[in-house]
Structures are given as C-alpha cells and as structure tokens.
Amino acid sequence: MIGLISATAAGAAARDRLAAAWPDRVRVYDGPVGDAVRRAFAECEQLVCFLATGAVVRLIAPLLGDKTADPGVVCVDEGGRFAVSLVGGHGGGANELAREVGELLGAEPVVTTATDAVGVPGLDTLGLPVEGDVAGVSRALLDGEPVALRAEVAWPLPPLQAGAEGSYTIRVTDRLAEPGEREVVLRPPSLVVGVGASRGAPADEVLGLVESALRDAGLSRASLAELATVDAKADEPGIVEAAERLGVPLVTRSADELAVVEVPNPSDAPLAAVGTPSVAEAAALVGGGELLVPKRKSERADGRPAMATCAVVRRPGRGRLSVVGLGPGARDLLTPRAKAELRRASVLVGLDQYVDQIRDLLRPGTRILESGLGAEEERARTAVEEARKGQAVTLIGSGDAGVYAMASPALAEASDDIDVIGVPGVTAALAAAAILGAPLGHDHVSISLSDLHTPWEVIERRVRAAAGADIVVTFYNPRSRGRDWQLPKALAILAEHRTPTTPVGVVRNASRPDESSRLTTLGSLDPATVDMMTVVTVGNTATRDIAGRMVTPRGYRWQASQEGPR
C-alpha cells in the first residue's frame, strides 16, 4: 500500500489525482502532517509526501531503521515539478515509484542512486537474493574497476560490466558459500525439491527433511524455486505448510506425467498409493535438470517409519527472449514496459535503424547485434540462439512486434527450452488512425500489399473479401519503387463496392518529426504519392469526413434511430 500525505490545497489536488488513478494501491492520510507521516510509515510499503524534502527528512529521521525494511519515500514539490526518490530507492522501490508518479503527474523524476544515475544495474534490484559486499562491488562497477563474473549456474542477467578477471567478484551460485572479501553472491532460483509424504505427515518432518537434504548437499535454501509433488498430495497439510514456511510455491503434477519420468529409485509403494512409481524424484525431474540429491527419507526421533521423502534437482537457467514493439517511432509512444525490457537486456538484436532509435536507453555493456533490411529471419535465429545460451535477449521491431514484425519469425524458431515474453507496442495503423480521427471505429482489417512473402493471389483474395464485407481496410507496405501496381489494383477492387467519395486517410511517418497526413477520397487518391513509409486507410460505406476528420460510426442501433450515444 502507498500512503499519500499532503499539507496544502495544491498538494491535496495532486494527491487526489494519484488516488483517483490508483484506487487499489493508495491510502490517503489526513490530519496533522507529523501524525500522518508516522502512521503511514508504520502501515505502508511506500509513501508519497506532497511536502518539501527538508520537512520530510525531519519527520522521517526518527523513524528510520533498516534500509531493507523501511518504506520507500517519494517527495513531490508544491508545483508538481519534481518527484524525488528520497529514501529506499532500491529496497523500498522509491526510484521506480518516483518514475511512476512523475509520469502520472507530469513531474520530472529525480533519482540520485548512483547505479540508476549511470545506468548500471543495482545488484539488489536483479530479483535474486544477494549476499556479501554489495556496496563495495557496486562502487567498483561504478568506478570502472575490474569485476569478475563467476557464474557457476547460468542465469539470464542484465549487463553487469563484469569480465573474467577482477579484484572484485560477482558469484552466481546455488551452493552454500560465504561471500569472500570484495565478493557478492547472487542466488538464482535453480533448485527444485520433489516431495512425497504419507497421509498426515507433520509439516516439521517435511520441512526438516528438505532443509537437511539441501544442507547436506551443500546447497543454499535461498536458491529453492519450488516444492513439487503429485496431484494427489496437493492438499496434504504437511506439504502445503512446508512450502508456505519455505516461502516457495507448491507445484503439482498428475500421476500420469510422473509415471513416464525415468528415475533411479522407483518403488512399488507410491505406485500402489498414487499411481506412479516415483513421486519425489519424478516431481523434481519432470521439468528436466540434474539430480543432485536422489530420493532420501526423513528420520524420526521416535524411531517410527519415515513419513516423507524428497529429492533435489538443479534445473538449468532458461534463456529469456523478450520480443519488444517500439511503437511507430515517437519516444513518448514507447511503452514503459518496453523501456524496462530494453534496460534488462544483456543482448539486443534488431534492425540497425531501429537500434539507433533506442540506443540511448540501453545499459552500458549491452551487446548489440544489428543488421540491415531484409535479414528478418537471420535476426530471429540469432535472437533465439543467444537466448539458448542462457542470455537475457531483447529482439526489437517497429510498431507491435507481433504485427508484420519480428515476433512471428522468432516464435517459429523458438521451442520450449527458452522463456519468451511479448511486449506490445502501438502499431502504425493505430498511430495513423489517431492522427486521422476515428477511422477504425468499427470492424477493420490490416492487409500488407507486399508480395515478397505472400503471393499476390492470396493478397488479392483478402482484399476482395474485405471489400465485399464492407470492412475498413488499412494497407501496410502499400507501394515501393519496385512494386508500383499493387496499390492501384487494391483500390480498384475496393471501388467495385464503395463510392468514389469514400474517405481515405494517408499518413506518412506517423508520430515522427517529418509526419504528414491528408484526408482524400477513393476516387481522388493518387497512388504515386504513396511510399513504403505510408499507411493508407480506406473507409467503409459508413465512414464520413466530419470537420476534416475521418470517422467510422460504431454502427450501433442507437445511431440508426438517432438517439445519440448512451
């Protein structure tokens, strides 16, 4: 929960804007400011104070305890010009909160955390448990001193500007290891513990078995990703409570899934009880990986038979491929999620001209693999290959990456051995429509007129279908020097079903500095004025030119009866 505190009318107005935008995230604290800050500090994970920073410093100073537990605090000035991350930039999430508040209120986020200021990932912001000399190693990264990266477990990390040698070390391991001097240890969630238990097995017995298995194998509990078991044990109280106390999810599989997993120690007992010859080993191994601890049984102090079994598997770090749409070109139409993925990437793959658009958003040390026009399939293969090496890869495309862009060839190459994340973007059709007015107010379709990958016969069939169905059509790739007849042909097909006065919107370089647009008609459009940087939108029989804007009615019954919108 985010606590909101203000002292003046101007502060209250900005506070209320946040409260309206985030109704489920915030709580407004009224009353004397000092009391409000103290209550919010004790009750909330974050605070936004619409007060002077000096005042907030004095108010929270007596309340500060541990940077890992204190809430993040953001200050917004009276004029709403700045959102200052004051306390808890990383641990309390104040840096990100300042950016969110700034975006919502139109304020400039002020972040002074050193790693954020220079674009170096904070070691405590990677989403992994971290131990050791975080401050010292972070300072070395900031100062450009040599830092060694020792990855005992492959994991998709952002660019850390670390090499093979250095007087400081970042160690990525799931082993029990005390950080050495000038060393940070990152704990990836690489371990899965499969668990089997008799009915009524105590949680303490299950938990003790899991912890002793990890400890005896020299493995860190901080790298435990999940407990796994068979569906029949999904509600076994001892297993459920053990997972809760370990702070990890309980993942269950069907007996049929587990029965086909090859294990070193099958048994007749679980086969008779739940329908699979192995629970602990099979549940741990079902997703693949290396069996580090074969099935072992719990030991009971009273000498009675064991009621729990477990096995430990290390799953390899899966590479991560994010496919990101950059939007139509304008920086303010690049989504926050896309920006976050660009900063997370250790490898960026993209068309050279698109890379140039966002090069300044990449973290130092990001490896860039760029190529020219016509190499789409090569870029897709490269991105997937890099992800299979365990890297955090971002593949970029214009507009939305899933619309005439890189998502299709990339996903055609990718299998289930990597994680794929899609990040939507504003398409050229949507950007052009917003410029023209509301041409996509009812059913619409996008058709590419490029026959480089699709036979013209197929394209023509689609154009005829859209024409006959009276659907608004947006043409991508309408005309180039080598393809000058497809657009006239497509327009002629539409003209068989629509009048010459049908509105047509033509937008070139939507959202870019040299953007241009015009509204014409189906009978007046000169195809020679169109090129590959242009989007052409042809209205349906209901589309109208209203005050110079292209508008397609929503087509609901209230329009026909002229009742007006409800």
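Attention here is on the structure that accompanies the text. None of these values were measured; they are calculated from a predicted model.

1. Here we look at the sheet that holds strand E14 (residues 290-297)
Hydrogen bonds between backbone atoms are what pair the strands of a sheet, whose relative direction is either parallel or antiparallel.
For step 1, the next point in the chain: Strand order in this open sheet of five strands is E13-E12-E11-E15-E14, and the pairing throughout is mixed. The open sheet terminates on both sides in strands that have one partner only, identified here as strand E13 (250-253) and E14. Averaged over all pairs of adjacent strands, the angle between strand axes in this sheet comes to 25°, irrespective of strand direction.
For step 2, the next point in the chain: Of the pairings in the sheet, the one linking strand E12 (residues 224-230) to E13 comprises four bridges and is parallel in character. Bridge pairing in E13 places Ala-228 opposite Val-251.
For step 3, the next point in the chain: Its contacts with the sheet put helix H7 (residues 203-216) on strand E11 (191-197), E12, E14 and strand E15 (308-314), and the angle it makes with E15 is roughly 40°.
For step 4, the next point in the chain: Helix-sheet contacts for helix H8 (residues 237-246) involve E11, E12 and E13, and the interaxial angle to E12 is about 175°.

2. Looking at the pattern of salt bridges
For step 1, the next point in the chain: Counted according to the given criterion, the structure contains 31 salt bridges.
For step 2, the next point in the chain: For Glu-100, the salt bridge goes to Arg-25, with nearest N and O atoms at 3.1 Å. Of this pair, Glu-100 sits in helix H4 (residues 94-105) while Arg-25 is found in the loop between helix H1 (9-21) and strand E2 (26-28), placing the two residues 75 residues apart along the sequence.
For step 3, the next point in the chain: Given a relative accessible area of 27%, Glu-100 falls into the partly exposed group.
For step 4, the next point in the chain: A salt bridge links Glu-131 to Arg-187, with the nearest nitrogen and oxygen atoms 3.2 Å apart. Of this pair, Glu-131 sits in strand E7 (residues 130-132) while Arg-187 sits in the loop between strand E10 (183-186) and E11; the two residues are 56 residues apart in sequence, bridging distant segments of the chain.

3. A look at the pairing of strand E19 (residues 392-397)
For step 1, the next point in the chain: Along E19, six of the six residues are buried, which leaves the element largely enclosed by surrounding structure.
For step 2, the next point in the chain: Here E19 shows a buried face lined by Ala-392, Thr-394 and Ile-396 and a second buried face lined by Val-393, Leu-395 and Gly-397.
For step 3, the next point in the chain: By the bridge criterion, six bridges tie strand E16 (residues 319-325) to E19 in an arrangement that is parallel. Across the sheet, Gly-325 pairs through a bridge with Gly-397, a residue of E19.
For step 4, the next point in the chain: Sheet topology note: the strand E17 (residues 347-351)/E19 ladder contains three bridges and is parallel. Counterpart to Leu-348 in the pairing with E19 is Thr-394.

4. Re the side chain of Ser-298
For step 1, the next point in the chain: For Ser-298, the position within the fold is in the loop between E14 and E15.
For step 2, the next point in the chain: In this structure the side chain of Ser-298 is engaged in a polar contact, spanning 2.5 Å, whose partner is the side chain of Glu-205.
For step 3, the next point in the chain: Ignoring any residue separated from it by four or fewer positions in sequence, one finds Ser-298 in contact with Glu-205, Leu-209, Ala-306, Met-307 and Ala-308.

5. Observations regarding the side chain of Ser-450
For step 1, the next point in the chain: Summarising the element assignment, Ser-450 is placed in the loop between strand E22 (444-448) and helix H17 (456-468).
For step 2, the next point in the chain: A polar side-chain atom of Ser-450 sits 3.4 Å from the main-chain amide nitrogen of Leu-452.
For step 3, the next point in the chain: Beyond its immediate sequence surroundings of up to four residues, Ser-450 is in contact with Ile-459, Asn-477 and Arg-483.

6. Observations regarding the pairing of strand E9 (residues 168-172)
For step 1, the next point in the chain: When you tally the buried positions in E9, you get five out of five residues, the bulk of the element.
For step 2, the next point in the chain: Here E9 shows no split at all, with Tyr-168, Ile-170 and Val-172 on one side and Thr-169 and Arg-171 on the other all buried.
For step 3, the next point in the chain: Examined bridge by bridge, E9 and E10 share four bridges and lie parallel to one another. Within E10, the position partnered with Thr-169 by the bridge is Glu-183.

7. A short note on the packing of H17 against helix H18 (residues 486-495)
For step 1, the next point in the chain: Contact geometry for H17 and H18: axes closest at 9 Å, N-to-C directions at 30°. Classified by the angle their axes make, H17 and H18 are roughly parallel. The handedness of the crossing between H17 and H18 comes out as right-handed. Residues Trp-456, Glu-460, Val-463, Arg-464 and Ala-467 of H17 form the contact with H18, whose own contacting residues are Gln-486, Lys-489, Ala-490, Ile-493 and Leu-494.
For step 2, the next point in the chain: Of the residues contributing to the contact of H17 with H18, the split by class is six nonpolar, one polar and three charged.

Here is what the cut-offs are and how they apply
In every chain, residue numbers begin from 1 and rise along the written sequence. Since the coordinates come from a predicted model, pLDDT governs what is reported: local features require at least 70, and pairs of side-chain atoms require 80 or more to be given and counted, while whole-chain, interface and lining totals use all residues. Note: side-chain values were computed over all heavy atoms of the structure, leaving out hydrogens and water. Strand pairing follows a simple DSSP-based rule, namely that at least 2 bridges must link the two strands. Here a strand is any run of E in DSSP of at least two residues, a helix any run of H or I of at least four, and the numbering for each starts at the N terminus. Each axis is a line fitted through C-alpha atoms, taken for helices only over the stretch in contact, and angles between the N-to-C directions span 0 to 180 degrees. In this analysis, two residues are considered to be in contact whenever any of their non-hydrogen atoms come within 4.5 Å of each other. Only one rule defines a salt bridge in this text: a Lys or Arg side-chain nitrogen within 4 Å of an Asp or Glu carboxyl oxygen. For every residue, the accessible area obtained with a 1.4 Å probe (protein chains only) is divided by the maximum for its type, and the residue is called buried under 20%, exposed over 50%, and partly exposed between those limits. Two N or O atoms count as a polar contact when they lie within 3.5 Å, although within protein this holds only if one can serve as hydrogen donor and the other as acceptor, and sequence-adjacent residues are included solely when both atoms are side-chain atoms. Each angle receives one of four descriptions, namely roughly parallel if under 35 degrees, roughly antiparallel if over 145, roughly perpendicular if within 65 to 115, and oblique otherwise. We call a crossing left-handed when the near helix sits turned anticlockwise from the far one by less than a right angle, and right-handed when that turn is clockwise. Charged residues are taken to be Asp, Glu, Lys and Arg, nonpolar residues to be Ala, Val, Leu, Ile, Met, Phe, Trp, Tyr, Cys and Pro, and polar residues to be all remaining types, Gly included.

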